[in-house]
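Spelled out from the first residue to the last, the chains are:
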Amino acid sequence: LPFSAPRDVSANPATQTDPGGITYGRKPDAPVTLQIWEDVRCPYCKLAESMFASTYQQYADEGKIKVETHLVDLIDRAGGGKGSLFGGTALACAQDVGSPQYIAYHNLLFKNQPEETDDAYGSVDNLLNLASQGPGLRTPAFDACVQQGKYAPWGKANYEALGVQMGGQVGTPG
């Protein structure tokens, strides 16, 4: 697949070396930017989300901060499977539908996260079934985006970009 990025990423234009993160927040010029690097299969990311998501989402909604989320496929690379990449790709597809749908799906993925060794998110059908719980998410365009893995190169590029930022020591959450 050719490299492409979902709408509203921080890099303009997004490239293989600077793929950008999905931006969220009422004010694009908010005084503070919170960068989050996460993997939908990472149990520590789920823990961080359970502790901080409601706060940072509220601050972003109020225009106090802007959030940039970079989705990476760390667990796939470390333990095998495709759930990190497929789940991150599905989230990027949700961003194309809209920020509210992205946030709702993001929260659903972390709420329903399987055990780290369970590659349930490696099934496109599982990801689409979960997306059915998100309001307004299941459209033909969304389904095709997920089924085709449209943003897989973007997710892989985010992993590489995190490696550069961290001097080769990639870990999540970051």
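Note: the structure precedes this text.
(A) Summary view of the state of the cysteines. The final tally for this structure, using the stated rule, is 1 disulfide. Here Cys-42 stays free of any disulfide, with the sulfur of Cys-45 as its closest cysteine sulfur at 3.0 Å. The buried category is assigned to Cys-42, whose relative accessible area is 2%. Overall, Cys-45 belongs to the buried group, its relative accessible area being 1%.

(B) Here's a closer look at a nonpolar patch on the surface. Together, Tyr-44, Leu-47, Met-51 and Phe-52 make up a nonpolar patch on the protein surface, roughly 470 Å² of accessible area in all. Summarising the element assignment, Leu-47 is placed in helix α1 (residues 43–61). Its relative accessible area of 45% is what places Leu-47 among the partly exposed residues.

(C) Summary view of the side chain of Thr-89. Within the fold, Thr-89 resides in helix α3 (residues 83–97). Overall, the relative accessible area of 4% leaves Thr-89 in the buried class. In this structure, Thr-89 is in contact with Gly-149, Lys-150, Tyr-151 and Ala-152, ignoring residues within four places of it in sequence.

About the criteria used
- Residues numbered from 1 in each chain as written.
- Predicted model: local features only at pLDDT ≥ 70, side-chain atom pairs only at ≥ 80, totals over all residues.
- Heavy atoms only, no water.
- Disulfide = S-S within 2.5 Å.
- Buried < 20%, exposed > 50% of the residue type's maximum accessible area, 1.4 Å probe, protein only.
- Patch = residues over 30% accessible without salt bridge, like charges linked within 9 Å, V, L, I, M, F, W, Y side chains within 5 Å.
- Areas by Shrake-Rupley, 256 points an atom, 1.4 Å probe, with all protein chains shown as cover.
- Salt bridge = Lys/Arg side-chain N within 4 Å of Asp/Glu carboxyl O.
- Helix = DSSP H or I, 4+ residues; strand = E, 2+ residues; numbered from the N terminus.
- Contact = heavy atoms within 4.5 Å.

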